[in-house]
Amino acid sequence: MMTRSKITVSKPYKTFYTATQKNILCNTPRASGKSYEVAQFAALRKMEYPRHDIVIFRANANSLSASVVNEVLEKFDMLGYGDYTRVRQAPLRIDYNQGESAIYFLGVSGHDKSRVRGFKPRNPLCLIIGDECQQITEEINLQHALATFRRYFDDHIDYKTVLCGNPHEVKGHWWNAYNATHSNA
């Protein structure tokens, strides 16, 4: 375990904080603490880069409000920054520090492979997190989403893309193949 003042980071997720590469792939089993660590990492990055935005996506937007949004809000409260946050709709987001920046929560799966094409954050991005990526319908949905989001990165900071998921029980599932291909990238 790695400890930073009020936070503790489990060993499998230490790379979120220490990796020098821009892309981090996290394919760990259910109940391994991913959601907790992802939310904590997002809250800490938001405080580190208060004038930058963050995108957190899942296959379906409707699963975000009951899960990741609440986890991120809990981490802001735990760190003493809950008063600086406010949940907004359309698009679903947490505004930080009186709306100067935001954490956006988006769904990327479905028949429209480029459904996030029109997304435009208010500020440059410092972090993109894909949560439960194994639930995304096809790899092409992930590719389109990442292409849209990555164009908003600020090249002057240490930006990151973190893709998290659970190993799929079907060996030939696209997420398993993606991990086999990109695990050392």
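So, a few notes on the structure that sits alongside this text.

Definitions and limits used
- Residues numbered from 1 in each chain as written.
- Predicted model: local features only at pLDDT ≥ 70, side-chain atom pairs only at ≥ 80, totals over all residues.
- Heavy atoms only, no water.
- Phe/Tyr/Trp six-rings, centres within 6.5 Å; stacked < 30°, edge-to-face > 60°.
- Helix = DSSP H or I, 4+ residues; strand = E, 2+ residues; numbered from the N terminus.
- Buried < 20%, exposed > 50% of the residue type's maximum accessible area, 1.4 Å probe, protein only.
- Lys NZ or Arg CZ within 6 Å of the ring centre and 35° of its normal.
- Core = buried A, V, L, I, M, F, W, Y, C linked by side-chain atoms within 4.5 Å.
- Contact = heavy atoms within 4.5 Å.
- Pairing = 2+ DSSP bridges.
- Expected span 1.5 Å × (residues − 1).
- Axes fitted to C-alpha atoms, helices over the stretch in contact; angles between N-to-C directions.
- Parallel < 35°, antiparallel > 145°, perpendicular 65-115°, else oblique.
- Left-handed = near helix turned anticlockwise from the far one by under 90°.
- Nonpolar A, V, L, I, M, F, W, Y, C, P; charged D, E, K, R; others polar.

## Considerations on the packing of aromatic side chains
Under the counting rule described, the total for this entry stands at 14 aromatic pairs. Judged by centre distance (6.4 Å) and plane angle (85 degrees), the ring pair of Phe119 and Tyr152 falls under edge-to-face. In this pair, Phe119 is assigned in the loop between β7 (101–107) and β8 (125–130) and Tyr152 in the loop between α4 (139–150) and β9 (160–165), connecting sequence segments 33 residues apart. For the residue pair Phe119 and Tyr152, the accessibility class agrees, reading buried in each case. Members of the aromatic cluster, each reached through a chain of ring pairs, are Phe57, Tyr104, Phe119, Phe149 and Tyr152. One residue, Lys22, lies across the ring of Tyr159, its end atom 4.3 Å from the ring centre.

## Re the nonpolar core
With 59 residues, the main nonpolar core has Phe16, Ile56, Phe57, Val72, Phe105 and Phe149 as its most contacted residues. No other element matches the six residues that helix α2 (residues 34–48) contributes to this core. Those residues in contact with Phe149 that sit more than four places away from it in its chain are Val55, Phe57, Leu106, Val108, Val116, Phe119, Leu125 and Ile128.

## Some remarks on the environment of Ile54
Among the secondary structure elements, Ile54 is positioned in strand β4 (residues 53–58). Here the alpha-carbon distance between Ile54 and Phe153, two residues 99 residues apart in the chain, equals 9.6 Å. In this structure, Ile54 is in contact with Ala42, Arg45, Lys46, Ala102, Ile103, Tyr104, Leu125, Cys126 and Leu127, ignoring residues within four places of it in sequence.

## Some details on the pairing of strand β6 (residues 93–96)
Burial of the side chains of β6 extends over both faces: Arg93 and Asp95 are buried on one face and Ile94 and Tyr96 on the other. Pairing of strand β5 (residues 85–88) with β6 involves four bridges; the strand directions are antiparallel. If you follow Arg86 over to β6, its bridge partner there is Asp95. Counted between consecutive antiparallel strands, the loop separating β5 from β6 contains four residues, among which Ala90 sits at a positive phi close to 50 degrees. Note that β6 and β7 share four bridges and pair antiparallel. The residue of β7 that forms the bridge with Tyr96 is Ser101. Connecting the antiparallel pair β6 and β7 is a turn made up of four residues, with Asn97 showing a positive phi of about 55 degrees.

## Quick notes on α2
Relative to the 21 Å expected for 15 residues at 1.5 Å per residue, α2 spans 21 Å between its end C-alpha atoms, a close match to the ideal helical length. With respect to burial, α2 is a largely interior element, 11 of its 15 residues being buried. Within the sequence span of α2, burial applies to Lys34, Glu37, Val38, Ala39, Gln40, Phe41, Ala42, Ala43, Leu44, Arg45 and Lys46.

## Thoughts on the packing of α2 against helix α3 (residues 68–78)
The interhelical angle for the contact between α2 and α3, taken along N-to-C directions, is 55 degrees, at an axis separation of 8 Å. Relative to α3, α2 is oriented oblique. Between α2 and α3 lies a crossing of right-handed hand. Between α2, through Ser35, Tyr36, Ala39, Gln40, Ala42, Ala43, Lys46 and Met47, and α3, the contact on the second element is made entirely by Glu71, Val72, Lys75, Phe76 and Met78. Partitioned by chemical class, the residues of the contact of α2 with α3 number eight nonpolar, two polar and three charged.

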